[in-house]
Amino acid sequence: MPELRQNLATKEWVIISTDRAKRPQAYAQPEHYVLTHEQVLHDLTCPFCVTNEELDLETARWPSFGPWQVRAVVNKFPALMQQEELSRTFDGASRRISGVGYHEIVIEHPHHNTTLALMTAVEIEAVLEMYYNRGWDIRNDPRIRQIVYFKNHGEVAGASLVHPHSQIIGLPVVPNNIRQRTEEARRYFDDTGECVFCVMTTSEREKWERLVSVTEHFVAFVLYAAPTPFNIWIMPKRHSVSFMYTTLEERSDLAQILRVVLQKLYQGLNDPAFNLVVRSAPVKEMGNDYLHWHLEIVPRLSQTAGFELGSGMFINPTFPEECAAFLRGVVVGERVGSRE
Ligand SMILES: [Zn+2]
Ligand SMILES: [Zn+2]
């Protein structure tokens, strides 16, 4: 029997379709697929590779002297521009705001053929520090209402360049998707006096069947109502509305768990394409009690089609519990990227 499951926080329903059930290992990329570590170390045509840097676009680098480990640059083809004047035009049914905002790229490593799964925890921590520092800078611009951190890895996930990078967009509006999630969390808090995300995390820790990894400060689990296979949330144990309120110790611990989870995906599924997003409170909601920031990892293993478009609902052909058990079974160690 198929079943419908609801995400308590977002109220979104999914169909877990057992009739078309697919085993988790069936999602591994085929043998002929070129894994990230099999790419070239340096690409002369890559704008993010060492010696090809476009210095006029740079907004930050670490370390500040000598060879860089992580850089932030303004996107050469930005979706939004910092220099614009903020103007609103509401004319009948037409609403328009000038394209004010930030669109930056975080170049995560000097090597072309690496990815977070292959980096050391210290290197991942440097990437998270860059997110944090650029985030505060952007957040301090009073025109900005929402910061979205995301990463596209692999062509099907929307990455146009192999070189490891993520993106930060500062928006002059709060997107409706985020507004809806904020409203749902507020409603739950009003009804019960509890944070819905804390409730979900506690429940996952008690039930353990969907857990992927647990560290001192974080819990990683496959979502109970996962819309797609291997949809993972990494939740901070400490209730906090925003990534901007994390401590250095928490970011260091986040680097550890992120490395473990992404290594499990890399090794278990042969470097699948994925999107990673940081879900953090809107700038004007950073003082509330009911939101709980977290990271979401969505491997791109199945295609969405008309049903998803027409309903906003997904059909997931794999049990989240089986995906979690599969990932728990992937032993990660120092030797990364092996096909064995
Ligand atoms: Zn490169
Ligand atoms: Zn919470």
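Quick summary incoming for the structure in this document. What you see is a predicted model, and the numbers here were worked out from it, not measured in a lab.

**Some details on the coordination of the zinc ion (ligand 1)**
Six octahedral donors around a metal ideally sit at 90 or 180 degrees from one another, while four tetrahedral donors ideally sit at 109.5 degrees.
Here is step 1 of the chain: Protein coordination at the zinc ion (ligand 1) comes from Cys46 (SG), Cys49 (SG), His112 (ND1) and His163 (ND1), with a distance range of 2.0 to 2.3 Å.
Here is step 2 of the chain: What the four donor atoms of the zinc ion (ligand 1) show is an angle range of 103 to 118 degrees at the metal, which sorts the shape as tetrahedral.
Here is step 3 of the chain: Read in sequence order, the donor residues coordinating the zinc ion (ligand 1) give the pattern C-x2-C-x62-H-x50-H. You can see cysteine 49 sitting in the loop between β2 (13–16) and β3 (58–62) and its partner histidine 163 sitting in the loop between β8 (146–153) and β9 (165–171), a full 114 residues away along the chain. Just as cysteine 49 is buried, histidine 163 falls in that class too.

**A closer look at the packing of helix α4 (residues 248–269) against helix α6 (residues 320–329)**
Here is step 1 of the chain: Close contact between α4 and α6 brings their axes to 9 Å; oriented N to C, the two are set at 95 degrees. It follows from the interaxial angle that α4 and α6 lie roughly perpendicular. For the pair α4 and α6, contact is made by Lys264, Leu265, Gly268 and Leu269 and by Phe326, Leu327 and Arg328, respectively.
Here is step 2 of the chain: Residues of the contact of α4 with α6, tallied by class, amount to four nonpolar, one polar and two charged.

**Here we look at the packing of helix α1 (residues 121–139) against α4**
Here is step 1 of the chain: At a minimum axis distance of 8 Å, the contact between α1 and α4 shows a crossing angle of 125 degrees. As far as their axial angle goes, α4 and α1 are oblique. The two elements α1 and α4 meet at a crossing, and its hand is right-handed. Note on element contacts: α4 touches α1 through Leu248, Arg251, Ser252, Leu254, Ala255, Gln256, Leu258 and Arg259, opposite Ala121, Ile124, Glu125, Leu128, Glu129 and Tyr132.
Here is step 2 of the chain: Looking at the contact of α1 with α4 residue by residue, the class counts come to eight nonpolar, two polar and four charged.

**A short note on α4**
Here is step 1 of the chain: Compared with an ideal rise of 1.5 Å per residue, which puts 22 residues at 32 Å, α4 spans 31 Å between its outermost C-alpha atoms and is within 8% of the ideal.
Here is step 2 of the chain: Here α4 lies mainly inside the structure; 17 of its 22 residues are buried.
Here is step 3 of the chain: Phi turns positive one or two residues past the end of α4, at asparagine 270, with a value near 60 degrees.

**Details of the pattern of salt bridges**
Here is step 1 of the chain: The final tally for this structure, using the stated rule, is 19 salt bridges.
Here is step 2 of the chain: With a shortest N-O distance of 3.0 Å, glutamate 321 and arginine 5 are connected by a salt bridge. Residue glutamate 321 is located in helix α6, and its partner arginine 5 is located in strand β1 (residues 3–6); the two are separated by 316 residues in the primary sequence. Neither residue differs from the other here; glutamate 321 and arginine 5 are each classed as buried.
Here is step 3 of the chain: Arginine 23 is the partner of glutamate 322 in a salt bridge, and the nearest nitrogen-oxygen pair spans 3.3 Å. Here arginine 23 lies in the loop between β2 and β3 and glutamate 322 lies in helix α6, a separation of 299 residues in the sequence.
Here is step 4 of the chain: With a relative accessible area of 28%, glutamate 322 lands in the partly exposed category.
Here is step 5 of the chain: Residues joined by salt bridges that share partners form a network here, namely Glu3, Arg5, Glu204, Glu209, Arg210 and Glu321.

Definitions and cut-offs
Residues numbered from 1 in each chain as written. Chains lettered and ligands numbered in written order. Predicted model: local features only at pLDDT ≥ 70, side-chain atom pairs only at ≥ 80, totals over all residues. Heavy atoms only, no water. Donors = N, O, S within 2.8 Å, 3.2 Å for Na, K, Ca; no water. Tetrahedral: all angles 85-135°; square planar, octahedral: opposite > 155°, others 65-115°. Helix = DSSP H or I, 4+ residues; strand = E, 2+ residues; numbered from the N terminus. Buried < 20%, exposed > 50% of the residue type's maximum accessible area, 1.4 Å probe, protein only. Axes fitted to C-alpha atoms, helices over the stretch in contact; angles between N-to-C directions. Parallel < 35°, antiparallel > 145°, perpendicular 65-115°, else oblique. Contact = heavy atoms within 4.5 Å. Nonpolar A, V, L, I, M, F, W, Y, C, P; charged D, E, K, R; others polar. Left-handed = near helix turned anticlockwise from the far one by under 90°. Expected span 1.5 Å × (residues − 1). Salt bridge = Lys/Arg side-chain N within 4 Å of Asp/Glu carboxyl O.

Read these as spatial facts, not as claims about activity.
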